[in-house]
Amino acid sequence: MADGFDLLRSWMSKQPFEPEEGNKRLPIERMDGPVGAVVTGADLAGHLTQAVVDQIWTALLDHGLVWFPGQVLSPTQQAAFAENFGELGTYPFVTPLAEHDKVIPVIKEPETKMNFGGLWHTDTSYLPEPPSVTMLQAIEVPARGGDTLFADMAAAFESLSTGMEKMLLGLIGVYTADMVHGETGAYSAAAGADHPMDYGDKEGVAERCVEHPIIRTHPETGRKSIFAGSGHCSHIKGMRRSESKVILDWLNAYATKPEFVTRLKWESGSVAMWDNRRVFHYALNDYAGERRHMHRVILKGDRPF
């Protein structure tokens, strides 16, 4: 006859194994495309163990983009989740939400023609220390359209010829927000901007210029990637704007070919994080007459090298 321990062992052998929270392995599945992974099994609004935070960060470094479906975060919860990975940064051109001074709304109303982020870019590359990571939460999405494209700038650089790589590694770009946020920039009244968000030059940020490499090195992975977007990089140091534009336009067109691009279809109640040191992104403006509402936070980065 089986004793009590035998019965207990038999019962336990039939139970599903649930690892302790500290040892929990998150389901991580690659997205369709060269960058991106879907991460499930974590409640971003709750407390995350360091082991789970480390898995998310590793997935971000491995895939450039991580997407979390089925998440609903208040601005405070979104900021708290982001702080697991670094210090929150400030975006100088949009007033943050009242609930948290580091979370900004990204809204396109049905009657608005212009959208936010409607060009290939890496966020605020015109700052001396551009943000390392951007986190975007979908609050309200259109019935169709409103997707975001992500391009793997590391893979694009690594596919270039040896001669082209050598030429680009010696180039320094001059970056400025003036091309977008200045008096005649794309988001200015002079350019006919109709966006309801409070775009505008704040404290002279749009007029400042900074110098960064055209090709930057990722401080954690060591991989090199294309950093100069034609929307924020005014010209190449030592070259005329007209000369620079030929190189920058070709480089951006090459790096955003379909083989380097992943398309993210948003769902209300989902969160995406992407690595600005590796990927470019492009918010599609293909949902005329519908509303799109997102909340964004950024993490402070370091000076590109």
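Residues numbered from 1 in each chain as written. Predicted model: local features only at pLDDT ≥ 70, side-chain atom pairs only at ≥ 80, totals over all residues. Heavy atoms only, no water.

A. How the structure looks around the pattern of salt bridges. Scanning all chains against the criterion turns up 16 salt bridges. Across the salt bridge formed by aspartate 101 and lysine 102, the nearest N and O atoms sit 3.8 Å from each other. As a salt-bridge pair, arginine 263 and aspartate 286 come within 3.8 Å of each other at their nearest N and O atoms. Of this pair, arginine 263 sits in strand β12 (residues 261-264) while aspartate 286 sits in the loop between β14 (279-283) and β15 (292-299); the two residues are 23 residues apart in sequence, bridging distant segments of the chain. Three or more residues joined by partner-sharing salt bridges are found here, namely Glu109, Glu140 and Arg291. (Salt bridge = Lys/Arg side-chain N within 4 Å of Asp/Glu carboxyl O. Helix = DSSP H or I, 4+ residues; strand = E, 2+ residues; numbered from the N terminus.)

B. Up close: the sheet that holds β12. If you trace the three strands from one edge of the open sheet to the other, you get β12-β6-β14, paired in antiparallel fashion. Each edge of the open sheet is held by one strand with a lone partner, namely β12 and β14. This sheet shows a mean twist of 20 degrees between the axes of neighbouring strands, independent of strand direction. As defined by bridge partners, strand β6 (residues 148-152) adjoins β14 across five bridges and the pair is classed as antiparallel. (Pairing = 2+ DSSP bridges. Axes fitted to C-alpha atoms, helices over the stretch in contact; angles between N-to-C directions.)

C. Examining the packing of aromatic side chains more closely. Counted according to the given criterion, the structure contains 11 aromatic pairs. Between tyrosine 91 and phenylalanine 93, the ring centres sit 5.8 Å apart and the planes meet at 70 degrees, which makes this aromatic pair edge-to-face. Pair check on accessibility: tyrosine 91 and phenylalanine 93 agree, each one buried. Members of the aromatic cluster, joined through ring pairs, are Trp57, Phe68, Phe81 and Phe85. The cationic tip of arginine 216 hangs over the ring face of phenylalanine 227; the distance from NZ or CZ to the ring centre is 5.0 Å. Its end group placed over the ring of tyrosine 91, arginine 296 keeps NZ or CZ at 4.6 Å from the ring centre. (Phe/Tyr/Trp six-rings, centres within 6.5 Å; stacked < 30°, edge-to-face > 60°. Buried < 20%, exposed > 50% of the residue type's maximum accessible area, 1.4 Å probe, protein only. Lys NZ or Arg CZ within 6 Å of the ring centre and 35° of its normal.)

D. Spotlight on the environment of glutamine 55. Structurally, glutamine 55 is set in helix α2 (residues 50-63). A residue is classified by how much of its surface remains accessible, and glutamine 55, at 7% relative accessible area, is buried. A C-alpha to C-alpha distance of 9.6 Å links glutamine 55 and lysine 24, two positions 31 residues apart in sequence. In contact with glutamine 55, not counting residues within four places along its chain, are Lys24, Arg25, Leu26 and Ile28. A polar side-chain atom of glutamine 55 sits 2.9 Å from the main-chain amide nitrogen of leucine 26. (Contact = heavy atoms within 4.5 Å. Polar contact = N/O pair within 3.5 Å; in protein donor to acceptor, adjacent residues only side chain to side chain.)

E. Expanded view of the side chain of asparagine 115. In this fold, asparagine 115 is placed in the loop between β4 (104-108) and β5 (133-140). Within the local environment of asparagine 115, its side chain forms a polar contact with the backbone oxygen of alanine 283, the two atoms lying 2.9 Å apart.

F. Local environment of the sheet that holds β5. Read from one edge of the open sheet, seven strands run β1-β2-β3-β13-β5-β15-β4, paired in mixed fashion. Both edges of this open sheet fall to β1 (28-30) and β4, since each of them pairs with a single strand only. In this sheet, adjacent strand axes meet at a mean angle of 25 degrees when their direction is disregarded. With two bridges connecting them, strand β2 (residues 37-39) and strand β3 (residues 65-68) associate as parallel partners. Note that in β3 the partner of valine 38 across the bridge is tryptophan 67. This element, helix α3 (residues 75-82), spans β3, β5, β13 (270-275) and β15 of the sheet and lies at about 35 degrees to β15.

G. Looking closely at unusual backbone geometry. One non-glycine residue, threonine 124, adopts positive backbone phi at about 40 degrees. A relative accessible area of 4% means that threonine 124 is categorised as buried.

H. Region of interest: the side chain of threonine 122. Mapping threonine 122 onto the fold places it in the loop between β4 and β5. Classification of threonine 122 as buried rests on a relative accessible area of 2%. One polar contact links the side chain of threonine 122 to the main-chain carbonyl oxygen of asparagine 276, over a distance of 2.8 Å. Beyond its immediate stretch of four places on either side in the chain, threonine 122 contacts Phe227, His232, Asn276, Val279 and Phe280.

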